[in-house]
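Commentary on secondary and tertiary structure
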Amino acid sequence: MRVETVWLGRGGQGIVTATYIVANASIIDGFYAIANPEFGAERRGAPVKAFLTISKEPIEDQEPVKTPDVVVVFDDKLIDSMRFAIDAVKPGGYVIINTGKSPEEAKKLVGRDDVYLVVLDAIDIARRHVKLDVPNGPLAGAFSKVMGFPTLESIKQAFETQLGKAVEQNFAATKEAYEKAVVIPPARVDASAKPKGIISTTSAFLTGPYEIVGWREVNKAGAVFPGTSLLYTTGGWRIDKPVIDHSKCIMCRKCWLYCPDDAIVEAWREVEGPRGRRFRMKAIDFDYQYCKGCGVCAEVCPTGAIQMVREL
Amino acid sequence: MTAQLVAPKERKVAQKRIALTGNHAVALAVKMARVEVIAAYPITPQTPVVERLAEYVNNGELDAEYIPVESEHSAMSAVIGASAMGARTFTETSSQGLYHMYENLPIAVGLRLPVVMGMAVRTISAPINVWGDYSDVMAMRELGWIIYVTQSAQEAFDTVIQAYRVAEDSRVHLPAVVAYDGFWTSHVLQPLDVPEDEEEVVRYAPITRSWVKLDVDNPAQLGAVGTPEWYWEIRWQAVEALRTSLKVIQEADEEYGKVFGRSYGILTPYRLEDAELAIVAYGSIFGIVKKVVDRLRREGVRSGALKLRVLRPWPGDMIKKLLEHVDKVAVIDRAINHGGPLYGPMAVEIAATIQKPVYNVLATIGMRAIDSDMIYDAAVKIHRGLWAPNTPYTVGLRGYE
Ligand code: SF4
Ligand code: SF4
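Residues numbered from 1 in each chain as written. Chains lettered and ligands numbered in written order. Predicted model: local features only at pLDDT ≥ 70, side-chain atom pairs only at ≥ 80, totals over all residues. Heavy atoms only, no water.

So, on to the overall build of chain B. Counting its secondary structure elements, chain B contains 13 helices and 15 strands. The globule rule puts the C-alpha radius of gyration for 401 residues at 21 Å, and the 21 Å found for chain B is close to it. Dimensions of chain B, computed from the C-alpha atoms along their principal axes, are close to 65 × 55 × 40 Å. Within chain B, buried positions represent 60% of all 401 residues. Considering only contacts in chain B between residues 6 or more positions apart, those separated by 24 or more positions represent 80%. Summed over all atoms, the accessible surface of chain B reaches about 15600 Å², with 54% contributed by carbon and sulfur. Between the centroid of the 41 positive side chains of chain B and the centroid of its 48 negative side chains there is a distance of 6 Å. (Helix = DSSP H or I, 4+ residues; strand = E, 2+ residues; numbered from the N terminus. Rg over C-alpha atoms; globule rule 2.2 N^0.38 Å. Buried < 20%, exposed > 50% of the residue type's maximum accessible area, 1.4 Å probe, protein only. Contact = heavy atoms within 4.5 Å. Areas by Shrake-Rupley, 256 points an atom, 1.4 Å probe, with all protein chains shown as cover. Lys, Arg positive; Asp, Glu negative; His and termini not counted. Charge placed at Lys NZ, Arg CZ, Asp CG, Glu CD.)

Written out as structure tokens, the structure reads:
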């Protein structure tokens, strides 16, 4: 028995920790496991991959996982940009996904009917128990439920060694996820079928449509010529989005000043005056393509006009 | 036979004979090459180079920025920065100073900056020893720099000028170091011929500014992250450029010979054609090695010698061709390859190149004096079969045979 898994998430969501915890718990249960995260520029919100292989036999071959048995997705907005990983799951494998959406919607989003789909709102669970947007405990719970290992008891022990703090809260989240995760079995499984694609080993950090060229064509000296961040939409990194109550806004523009992503814009808004006349006035708006939901604007607003609300 | 001397009448450029130490010869070459930014920290035995350059800048003879940095790490950083701005740059170092710059040495390669550096070679601490051997420059071999090793003040002078032409050639764009013996060249006063009209030097080696640089009209970011998708490809360009540079080095040397009347080749063979015993050496001791060859020849031993002038890129094919018919090849190494397959770095490389065992002789470590009798004795032992190949032998070390 050998189970190869890929965990997809965003910097700050505890992806690496999740694989360490599940590996650690599996080792406690008598398995062999290796958790090898993909190291990169650690940026909060940026896409991250981690690999975890669990086996009854010792694992000496640290081969990259190209066609996983299980993919764990920490954020449903990653499905599109990391579709290659979902496509690579072996028929009959598992896609475990954190989403606030209904299982039916999630199924449509994943778009595969030859794999087990495991759906849970890990963010909601984590927020209630741990008070943080770290869905790793709940996803470990869902993993345990569908795979039958590692045991919840071992996951708790792994929390103690890996985290050393908030063990009870994290474990409560794990347990709730274990109970609540919805499992949709595949409509059909052709076990002899090959996955639709593979996770390419050179695409370690590639999450976009980069052109891969040979050494003669790569820019000399690695020089980077001017580009634009217009194509680099960070809007998908969001869990909460800012929403404004215009009646409270005094147009001080503090939010505009502090937004790290230039995602706050001034727009024209039509309003109705006291005697029914309609006129246009300046108003604060958000460019959600780029707003990564950091909440700085809500924090600095002197009148409390901005609220951060969960975006499903 | 030696490619060293070309009859004066072949020179296109009028020259005058002056007397300078190796260090001052290098400083003069740098001045004549119209270097624009110099950043250097003094360290024995190269100090007179940077002192002389500071004087040139101070008295207006050289219109350059002189940055008196607080350490070699900063010196290399500063010339990398200046070179990235498109300036012709120079720095110089020795021994621990080189090791202090080490972090920055591969950066000049990856950024493809044609920095030229001088090196009055010196051994390494501890114990502290400011005297000459080749421990420092040998530690640069993996990095991607072009490495010249020169024999005399004249050769150091000529090679610095050639190095600019090669480094700034658009087929190359790599940093280059010109090494010469600490004290035995750096502080020895020797005659040397220099062009009367300094402009001839820049005419021979014009500043091309053709490398990738920071330019407001064509903005770019240099030194950005190279993720695993790109790093190797970018680095491979430098690997290929270094390989290609061998041709450029040869061209530049031949062209220099036509203009200034002196060329050295990539390697200098001496009486090798029918040799049964060859002594491979580098740096200032080549003169006494030649003397030993002549003496052995007089005694009926068909001997020859080979001087290494370009260590990187490694001229493997040329070496193979020059040595393939020789029975016994001895390599005099002037740096210790601690615990290596052979105890000298060049012995290892020569053995790998000619694919047969070599006689490995260590000498001049910490500037232990060497004379032609000592080399002669070693050569005789090798010739008579008293020394075995693949075994480290020393010339001048007490208590070791
Ligand atoms: S900080 Fe608050 S009050 Fe000020 S402009 Fe922004 S939303 Fe309006
Ligand atoms: S949450 Fe507010 S401050 Fe943060 S990126 Fe979005 S608009 Fe900008």
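Okay, the packing of helix H10 (residues 286–298) of chain B against helix H13 (residues 372–383) of chain B next. Residue and element names in this part refer to chain B. Relative to each other, H10 and H13 sit at 50°, their axes nearing to 9 Å. It follows that H10 is oblique to H13 by the angle criterion. You can see that H10 and H13 cross each other, and the crossing is right-handed. Between H10 and H13, the residues in contact are Ile 288, Val 289, Lys 291, Val 292, Arg 295 and Leu 296 and Ser 372, Asp 373, Ile 375, Tyr 376, Ala 379 and Val 380, respectively. (Axes fitted to C-alpha atoms, helices over the stretch in contact; angles between N-to-C directions. Parallel < 35°, antiparallel > 145°, perpendicular 65-115°, else oblique. Left-handed = near helix turned anticlockwise from the far one by under 90°.)

Residue and element names in this part refer to chain B. The 6 strands lie next to each other as E9-E11-E10-E13-E14-E15, forming an open sheet whose pairing is mixed. The open sheet is flanked by strand E9 (267–270) and strand E15 (392–395), the only strands paired with a single partner. With direction set aside, neighbouring strand axes in the sheet form an average angle of 20°. In this sheet, E15 lies alongside strand E14 (residues 359–363) in parallel orientation, the contact comprising 4 bridges. Bridging from a neighbouring strand, Asn 360 pairs with Pro 392 of E15. (Pairing = 2+ DSSP bridges.)

Our next topic: the pattern of salt bridges. Opposite charge on two side chains lets them pair, provided their charged atoms get close. Applying the stated criterion to the full structure yields 47 salt bridges over all chains. Close ionic contact of Asp 169 of chain B with Arg 171 of chain B constitutes a salt bridge, the shortest N to O distance being 2.9 Å. Residues joined by salt bridges that share partners form a network here, namely Asp 124, Arg 128, Glu 176 and Lys 180 of chain A. (Salt bridge = Lys/Arg side-chain N within 4 Å of Asp/Glu carboxyl O.)

With that settled, consider the site of ligand 1. In the vicinity of ligand 1, 13 residues are found, and the nearest of them are Cys 249, Cys 252, Arg 253, Cys 255 and Cys 301 of chain A. Residues belonging to the shell around ligand 1 are distributed by class as follows: 10 nonpolar, 1 polar and 2 charged. (Near = heavy atom within 4 Å. Nonpolar A, V, L, I, M, F, W, Y, C, P; charged D, E, K, R; others polar.)

It is common to give the size of an interface as the accessible area lost on bringing the parts into contact. Listed by partner, the interface residues are 21 residues for chain B and 20 residues for chain A. Summed over both sides, the interface of chain B with chain A buries roughly 1600 Å², with 69% coming from carbon and sulfur. Taken as a group, Glu 229, Trp 230 and Gln 237 of chain B account for 35% of the area that chain B buries against chain A, more than any other trio of residues on that side. Along the contact surface separating chain B from chain A lie 0 salt bridges. At the surface where chain B touches chain A, the tally comes to 4 residue pairs in polar contact (both at pLDDT 80 or more). (Buried area = accessible area lost by both parts, 1.4 Å probe. Polar contact = N/O pair within 3.5 Å; in protein donor to acceptor, adjacent residues only side chain to side chain.)

Glancing now at the nonpolar core. By size, the foremost hydrophobic cluster in this structure holds 110 residues, and its most contacted members are Phe 90, Met 117, Met 140, Trp 145, Phe 157, Leu 323 and Ile 350 of chain B. The greatest single-element share of this core, amounting to 10 residues, is contributed by helix H9 (residues 231–260) of chain B. Residues Ala 33, Phe 74, Ala 142 and Phe 149 of chain A belong to the second largest nonpolar core, which totals 40 residues. (Core = buried A, V, L, I, M, F, W, Y, C linked by side-chain atoms within 4.5 Å.)

Residue and element names in this part refer to chain A. Here Glu 104 shows up in helix H4 (residues 103–110). The class for Glu 104 is exposed, based on a relative accessible area of 55%. Considering only alpha carbons, one finds Glu 104 and Ile 184, 80 residues apart in sequence, at a separation of 9.3 Å.

With that settled, the discussion passes to the packing of helix H1 (residues 22–32) of chain B against helix H2 (residues 47–58) of chain B. When two helices pack together, their arrangement is captured by the angle between the axes and the distance separating the axes. All names here are of chain B. Their axes nearest at 8 Å, the elements H1 and H2 cross at an angle of 40°. In terms of orientation, H1 and H2 fall into the oblique class. Taken as a pair, H1 and H2 cross one another with a handedness that is right-handed. Along the contact surface, H1 presents Asn 23, His 24, Val 26, Ala 27, Leu 28, Val 30 and Lys 31, while H2 presents Pro 48, Val 49, Arg 52, Leu 53 and Tyr 56. Split into classes, the residues belonging to the contact of H1 with H2 amount to 8 nonpolar, 2 polar and 2 charged.

We now examine the packing of aromatic side chains. By the definition in use, this model includes 13 aromatic pairs over all chains. Considering the side-chain rings of Trp 387 of chain B and Tyr 393 of chain B, the 4.2 Å spacing of their centres and the 5° angle between planes classify their relative orientation as stacked. Each member of the pair, Trp 387 of chain B as well as Tyr 393 of chain B, carries the same accessibility label: buried. The structure contains a cluster of three or more aromatic residues connected by ring pairs, namely Trp 7, Phe 31, Phe 74, Phe 143 and Phe 149 of chain A. Sitting above the plane of the Trp 268 of chain A ring, Lys 282 of chain A keeps its charged end 5.5 Å from the centroid. Across the ring face of Tyr 56 of chain B, the terminal group of Lys 31 of chain B is positioned such that the distance to the ring centre comes to 4.9 Å. (Phe/Tyr/Trp six-rings, centres within 6.5 Å; stacked < 30°, edge-to-face > 60°. Lys NZ or Arg CZ within 6 Å of the ring centre and 35° of its normal.)

This part covers the site of ligand 2. Of all residues adjacent to ligand 2, which total 13 residues, the nearest are Cys 259, Cys 291, Cys 294, Gly 295 and Cys 297 of chain A. Residue classes in the shell around ligand 2 are distributed as 10 nonpolar, 2 polar and 1 charged.

What follows deals with the pairing of strand E9 (residues 264–272) of chain A. Summarising the sheet, E9 of chain A and strand E10 (residues 278–286) of chain A pair through 9 bridges and their orientation is antiparallel. Bridging across to E10 of chain A, Glu 270 of chain A finds its partner in Arg 280 of chain A.

Residues and elements named next belong to chain A. Strand order in the open sheet formed by 7 strands is E2-E3-E1-E4-E5-E6-E7, with mixed pairing between adjacent strands. Two strands close off the open sheet at either side, each with one partner strand: strand E2 (32–37) and strand E7 (182–184). Averaged over all pairs of adjacent strands, the angle between their axes in this sheet comes to 15°, without regard to strand direction. Note: strand E5 (residues 94–98) against strand E6 (residues 116–120), 5 bridges, orientation parallel.

Moving on, we come to H9 of chain B. Residues and elements named next belong to chain B. For H9, with 30 residues, the first-to-last C-alpha span of 41 Å sits near the 44 Å given by 1.5 Å per residue. A maximum bend of about 35° is found in H9 at Ser 245. Gly 261 lies just past H9 and shows a positive phi near 85°. (Expected span 1.5 Å × (residues − 1). Bend = angle between axes of the 7 residues up to and from the residue.)

Residues and elements named next belong to chain B. Following Thr 44, the chain continues to Pro 45 via a peptide bond in cis, the omega torsion being 5°. Along the chain, the position of Pro 45 falls in the loop between strand E2 (37–39) and H2. With an omega of -10°, the peptide bond between Ser 125 and Ala 126 qualifies as cis. Of note, Arg 112 is a non-glycine position whose phi angle comes to about 60°, a positive value.

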